[in-house]
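Notes for the structure review
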Amino acid sequence: MNVPLYLLTAAHLLCAAAGAQRVSVERQVQEEEIRSGRRTCRLYCRVGIGFHLQIHPDGRVNGSHEPNQLSVLELFAVSQGVIGIKGVYSNRFLAMNKRGRLHATEWFSDDCKFRERFQENSYNTYASVLHRNHRTGREWFVALNKRGKAKMGSSPRVKSQHVSTHFLPRVSLHDTRERGFTITERSKERRKAPPPAPPKPLTKANIHTGAAPRRTQVKYWPKYRFG
């Protein structure tokens, strides 16, 4: 009689050990990335409905609302405050040319160096180290417009205060499900409820005739908007 219980206990212990080992391995990988100055994450831009910066194998750079393999990026340190951004799937580096246009290149150069700054609203901005407005000294930033297209860093509207330049590094790459909740909307039920009828004598004929009022189920999906 105790053999099935013993096997069940052993199975639970093995599952717990495997889960703890997986967590420890993930933690070791994260610690190794921190020590080496490399981070694997997604860069979420808060503009419009929210977009993840993605790098295509053909050199295009844009944003996607839904996270995918093109939006998995590797951020690595070049010097103090200066990083490079590489697409893990496309194997190309994010770069900005002398006109301020974003593109992806196969070889790392000075065009691929960006200065990372932490803003007060917990978002980051990424400005080109090499290219800027030489007349005014204004920096050119990585930015996306409200349709998810890459903006010109040389545009006068692309500033560090604008939401198009604000990016949030998202380290969690596996949980892409949207979480929602369902509530019962009772206000409509109260408005549509008819006036109460006079009470009737209780008989066998009308015991089961009464029906409970229908409740409207409303599904709410939170948008990932910050600030």
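Please refer to the structure higher up on the page.
Here we look at the overall build of the chain
Within the chain, the regular secondary structure consists of two helices and 13 strands. Of all 227 residues assigned to the chain, the portion counted as buried reaches 29%. Once local pairs closer than 6 in sequence are excluded, the contacts in the chain between residues at least 24 apart make up 55%.

Regarding the pattern of salt bridges
Opposite charge on two side chains lets them pair, provided their charged atoms get close. If you walk through the whole model with that rule in mind, you get six salt bridges. Note that Glu 74 and Arg 38 form a salt bridge whose closest N and O atoms lie 3.0 Å from each other. Within this pair, whereas Glu 74 is found in strand β4 (residues 73–79), its partner Arg 38 is found in strand β1 (residues 38–45), the two being separated by 36 residues in sequence. Here Arg 38 falls in the partly exposed class, since its relative accessible area comes to 36%. Residue Arg 117 pairs with Glu 139 through a salt bridge whose shortest N-O separation is 2.8 Å. In this pair, Arg 117 sits in strand β8 (residues 114–118) while Glu 139 sits in strand β10 (residues 139–141), placing the two residues 22 residues apart along the sequence.

Some points on the nonpolar core
Ranked by size, the top nonpolar core spans 22 residues in total, and within it Leu 43, Leu 53, Ile 85, Leu 94 and Tyr 126 carry the most contacts. Other than its neighbours up to four places away in sequence, Ile 85 contacts Leu 43, Ile 55, Leu 73, Glu 74, Leu 75, Phe 76, Arg 92, Phe 93, Leu 94 and Tyr 126.

Regarding the side chain of Arg 46
Mapping Arg 46 onto the fold places it in the loop between β1 and β2 (51–55). Buried charge without a salt bridge: Arg 46, with Glu 120 as the nearest opposite-charge side chain at an N-O distance of 11 Å. Side-chain polar atoms of Arg 46 contact the side chain of His 166, separated by 3.4 Å.

As for the packing of aromatic side chains
Under the counting rule described, the total for this entry stands at four aromatic pairs. Taking the centre distance of 6.1 Å and the plane angle of 80° together, the rings of Phe 76 and Phe 93 count as edge-to-face. Taken together, the residues Phe 76 in strand β4 and Phe 93 in strand β6 (residues 93–96) connect sequence positions 17 residues apart. Judged by relative accessible area, which is 11%, Phe 76 ranks as buried. When the ring of Tyr 126 is compared with that of Phe 167, the centres are 6.2 Å apart and the planes differ by 65°; the resulting orientation is edge-to-face. With Tyr 126 in strand β9 (residues 124–132) and Phe 167 in strand β11 (residues 167–170), this pair connects stretches of sequence that are 41 residues apart. An identical accessibility class is assigned to Tyr 126 and Phe 167; each is buried. Connected via pairs of aromatic rings, a cluster forms that spans Phe 76, Phe 93 and Phe 108. Here Arg 46 stacks its cationic end above the ring of Tyr 123, 5.1 Å away from the centre of that ring.

Regarding unusual backbone geometry
A positive phi angle is found at Asn 91, which is not glycine, with a value near 60°. Inspection of the secondary structure assignment puts Asn 91 in the loop between β5 (82–87) and β6. Even without a glycine there, the phi angle at Ser 122 is positive, about 75°. Mapped onto the secondary structure, Ser 122 falls in the loop between β8 and β9.

Notes on the pairing of strand β3 (residues 61–64)
Of the two faces of β3, the one carrying Val 61 and Gly 63 and the one carrying Asn 62 and Ser 64 are both buried. Where β2 and β3 come together, four bridges link them in antiparallel fashion. Considered in β3, the bridge of Ile 55 is made with Val 61. If you look at the hairpin formed by β2 and β3, you'll find five residues sitting between the two strands, and Gly 59 has a positive phi there, around 100°.

A closer look at the side chain of Thr 165
Examined against the element boundaries, Thr 165 turns out to sit in the loop between β10 and β11. Taking relative accessible area as the criterion, Thr 165 reaches 0% and is therefore assigned buried. Within the structure, the side chain of Thr 165 is placed 2.9 Å from the backbone oxygen of His 162, a separation counted as a polar contact. Not counting chain neighbours up to four residues away, the residues in contact with Thr 165 comprise Asn 124, Thr 125, Phe 141, Val 142, Ala 143, Val 158, Lys 159 and Ser 160.

Rules behind the numbers
Each chain has its residues counted from 1, running along the sequence as written. Local features are withheld for residues below a pLDDT of 70 in this predicted model, meaning they are given only at 70 or higher, and side-chain atom pairs are given and counted only at 80 or more; totals for whole chains, interfaces and linings count all residues. By convention in this description, side-chain values take in all heavy atoms of the structure and omit both hydrogens and water. What counts as a helix is a DSSP run of H or I of at least four residues, what counts as a strand is a run of E of at least two, and both are numbered from the N terminus. Note on exposure labels: buried denotes an accessible area under 20% of the residue type's maximum, exposed denotes more than 50%, and partly exposed covers the range between, all computed with a 1.4 Å probe on protein chains only. Contacts between residues were defined by any pair of non-hydrogen atoms, one from each residue, lying within 4.5 Å. Each reported salt bridge corresponds to a side-chain nitrogen of Lys or Arg within 4 Å of a carboxyl oxygen of Asp or Glu. Nonpolar cores are built from buried Ala, Val, Leu, Ile, Met, Phe, Trp, Tyr and Cys residues. Side-chain atoms within 4.5 Å join them into one set. When charges are counted, neither His nor the chain ends are considered; positive counts come from Lys and Arg and negative counts from Asp and Glu. Polar contacts, as used here, are pairs of N or O atoms within 3.5 Å; protein pairs need one atom able to donate a hydrogen and one able to accept it. Residues neighboring in sequence count only if both atoms are side-chain atoms. Between rings of Phe, Tyr and Trp, where Trp is taken as its six-membered ring, a pair exists when centres lie within 6.5 Å; planes separated by under 30 degrees are stacked, by over 60 edge-to-face, and by other angles tilted. Note on criteria: charge over ring means Lys NZ or Arg CZ within 6 Å of the ring centre, with the direction from the centre no more than 35 degrees off the ring normal. Between any two strands, at least two bridges found by DSSP are needed for them to pair.

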